[in-house]
Amino acid sequence: MTTANPNDENRDAAMPRRAFLGAAGAAGLAAAWSAHANTQDAAQGPQKESKMKPCKYWMHGFGGEDPKATARALRETGFDVVVAGGDAVIAAVREEGMESWLCGGAFGVGADEKALQAEDLRGERHVWFGSGCPNQPEIRERNLKSYAKMAETKDIQGILVDGCRFASPASGLHAFFTCFCDVCRDKAATLGCDFAAMRRDAGALLELVESLGKEAPRAAAWLGTAAGATEFLTQYPGLIEWLRFRRLCVTEHFRAIAAILRGAGLRMGVYIFTPSLAPLVGQSYVDLALFVDVFAPMIYRNYPDRPGIACLNWELTLIPEELGLIGSPQEDAVMRMILAWTGLHDTPAIQKLRAGLEPAAIGHETRMARAQISDKELAPIIYIDDPRMAESADAVRNNGADGLNFFVFKENWKEMVRPGMPAV
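Computed from a predicted structure; not experimentally measured.

### As for the overall build of the protein
- The helix and strand tally for the protein stands at 19 helices and 11 strands.
- In the protein, which comprises 424 residues, the share counted as buried stands at 55%.

### Focus: the packing of helix 7 (residues 195-211) against helix 10 (residues 237-263)
- Where helix 7 meets helix 10, the axes come as close as 7 Å, and the angle between the chain directions of the two elements is 110°. Relative to helix 10, the element helix 7 is oriented roughly perpendicular. Seen from above, helix 7 lies across helix 10 with left-handed handedness. Residues Ala 197, Met 198, Arg 200, Asp 201, Ala 202 and Leu 205 of helix 7 touch helix 10, and the partners they reach there are Pro 237, Gly 238, Leu 239, Glu 241, Trp 242 and Phe 245.
- Broken down by class, the residue content of the contact of helix 7 with helix 10 amounts to 8 nonpolar, 1 polar and 3 charged.

### Things to note about the sheet that holds strand 2 (residues 81-83)
- Pairing in this open sheet of 9 strands is parallel, and the strands run 9-8-7-6-3-2-1-11-10 from one edge to the other. At either end of the open sheet lies a strand with only one pairing partner, and these are strand 9 (377-378) and strand 10 (381-383).
- Bridge count for strand 2 against strand 3 (residues 99-104) is 3 bridges, and the pairing is parallel. Across the sheet, Val 81 pairs through a bridge with Glu 99, a residue of strand 3.
- Contacting strand 6 (158-161) and strand 7 (267-272), helix 10 runs over the sheet at an angle of about 150° to strand 7.

### A look at the confidence of the model for the protein
- Averaged over every residue, the pLDDT of the protein is 88; residues scoring 70 or more account for 86%.
- Every residue in residues 1-50 scores below 50 in pLDDT, and together they form 88 contacts with partners more than four places removed in sequence or on other chains.

### Topic: the layout of surface pockets
- If you add up the space inside the largest pocket, you get close to 1,200 Å³.
- When grouped by side-chain class, the residues that make up the lining of the largest pocket number 33 nonpolar, 8 polar and 4 charged.

### With respect to the environment of Ala 92
- With respect to the helices, strands and loops of the structure, Ala 92 is situated in helix 3 (residues 87-95).
- Along the chain, Ala 92 and Lys 68 lie 24 residues apart, while their C-alpha atoms are 4.9 Å from each other.
- Not counting chain neighbours up to four residues away, the residues in contact with Ala 92 comprise Pro 67, Lys 68 and Ala 71.

### Things to note about the packing of aromatic side chains
- For the structure shown, the criterion picks out 19 aromatic pairs.
- Where Phe 177 meets Trp 242, the ring centres are 5.5 Å apart and the plane angle is 10°; that geometry is what we call stacked. Taken together, the residues span a long stretch of sequence, with Phe 177 in the loop between helix 5 (173-176) and helix 6 (182-191) and Trp 242 in helix 10 at a distance of 65 residues. Of the two residues examined, Phe 177 and Trp 242, each falls in the buried class.
- Ring centres 5.0 Å apart and planes at 45° place the aromatic pair Phe 232 and Tyr 236 in the tilted group.
- By relative accessible area, which is 26% here, Tyr 236 ends up partly exposed.

### Observations regarding helix 4 (residues 137-150)
- An ideal rise of 1.5 Å per residue puts 20 Å on 14 residues; helix 4 measures up with 20 Å between its terminal C-alpha atoms.
- Within the span of helix 4, buried status applies to Ile 139, Arg 140, Asn 143, Tyr 147 and Met 150. Seen along its axis, helix 4 keeps its buried residues to an arc of 95°; they face one direction. Within helix 4, the exposed residues directed more than 90 degrees away from the buried face are Lys 145 and Lys 149.

### Description of unusual backbone geometry
- Each neighbour pair has its own omega, and for Arg 306 with Pro 307 the value is 5°, a cis peptide bond.
- Topologically, Pro 307 is positioned in the loop between strand 8 (294-297) and helix 13 (312-315).
- The step from Phe 407 to Val 408 runs through a cis peptide bond, and the omega angle for that step is 5°.
- Checked against the element boundaries, Val 408 lands in the loop between strand 11 (403-407) and helix 19 (413-417).
- We note that Phe 129 has phi near 50°; this positive angle belongs to a residue other than glycine.
- On the secondary structure map, Phe 129 appears in the loop between strand 5 (125-126) and helix 4.
- Located in the positive-phi region is Ser 374, a residue other than glycine, with phi close to 55°.
- Structurally, Ser 374 is set in the loop between helix 17 (360-373) and strand 9.

Cut-offs and rules
- Residues numbered from 1 in each chain as written.
- Predicted model: local features only at pLDDT ≥ 70, side-chain atom pairs only at ≥ 80, totals over all residues.
- Heavy atoms only, no water.
- Helix = DSSP H or I, 4+ residues; strand = E, 2+ residues; numbered from the N terminus.
- Buried < 20%, exposed > 50% of the residue type's maximum accessible area, 1.4 Å probe, protein only.
- Axes fitted to C-alpha atoms, helices over the stretch in contact; angles between N-to-C directions.
- Parallel < 35°, antiparallel > 145°, perpendicular 65-115°, else oblique.
- Left-handed = near helix turned anticlockwise from the far one by under 90°.
- Contact = heavy atoms within 4.5 Å.
- Nonpolar A, V, L, I, M, F, W, Y, C, P; charged D, E, K, R; others polar.
- Pairing = 2+ DSSP bridges.
- pLDDT = per-residue confidence, 0-100.
- 1 Å grid on protein atoms, 1.4 Å probe; cavity = no way out; pocket = protein on both sides within 12 Å on 5 of 7 lines; lining within 4 Å.
- Points joined across faces, edges and corners; volume = space filled by probe spheres on them.
- Phe/Tyr/Trp six-rings, centres within 6.5 Å; stacked < 30°, edge-to-face > 60°.
- Expected span 1.5 Å × (residues − 1).
- Arc of directions from axis to C-beta.

Take a look at the structure:
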């Protein structure tokens, strides 16, 4: 499952949707898409030749009382892949000629497993997105066993790996500044990383971030440029060491999972943070391009539910909210700095960002992903209940993607995906 909201896959979010009419099936989709395209052309004037190419459609999740009927409807609508488990579901999906994929997690930990949880700079333990310390041998070993078990599933074509990373900003300020436990200290030594420098400079960054709730740094505009950010990082080399450590650890575990899937003759996919966020959690498109088959960046621009892990509208704004920046004199400067760091262009108002970034953000992240993975298969996953689905789908398809994945299956999925589907 993706990292947006693992416990609420089929709830209908109270979000507005455009109503799109038209016949079901390929003919109806073709007509609806053609009408949308003509309207856009008329509004925008002459357009350059479309960059779109044939697109592979994925659905994350599955539902309905009759698996065969649901699978048939998905296939007739133009879907090619379903990410969902269960013998009956897999059989129905395969019978309709679609690919069947599973999805697994990474560093899951129980609330009572304190010794396996991630440790922050204060020595306090955290469970982030149901996960613990990514370097705990016990966590890693049982995770690899789970993939070995999944890989035995008959009639599947691949498995997507989710949650293989360190904590992200949307998990909260102090959870993000993990893990600094003894296991990570020893792991750093093994990898040739300077753990003391990591702790020192991560602590300095934490102090700076906490001060943003009181006053924005005078150099906010400068720090929001590539040159300013580079100068800042040269003052705190332990931060680069900390991010490098995260990257080495995460890539290592991805490789271990890949070995299992390759051995079973399966393809490997990854639900990965967007290019603007991935370096913060230890995920490297460049590293993974060496052995991953399918990249599915989680580009949720308008996910409605807190904490919205992996969702742009939450990852960019949750810590600023935690710092009390909403409505403060510092809000504008800090959010402009954050947006500049990510390369995204949008309103600096937290509440407006929270409601959803512009669809252009989806295009930007898709384009940046393609730039890093060469010709590997790229199928970004976007939020299915998007009131601007046509624009969002176009943003994916116009920027080098091979496919489009929808999070997550809902009973009224046809109403949601139709404006984002192409003529077929």
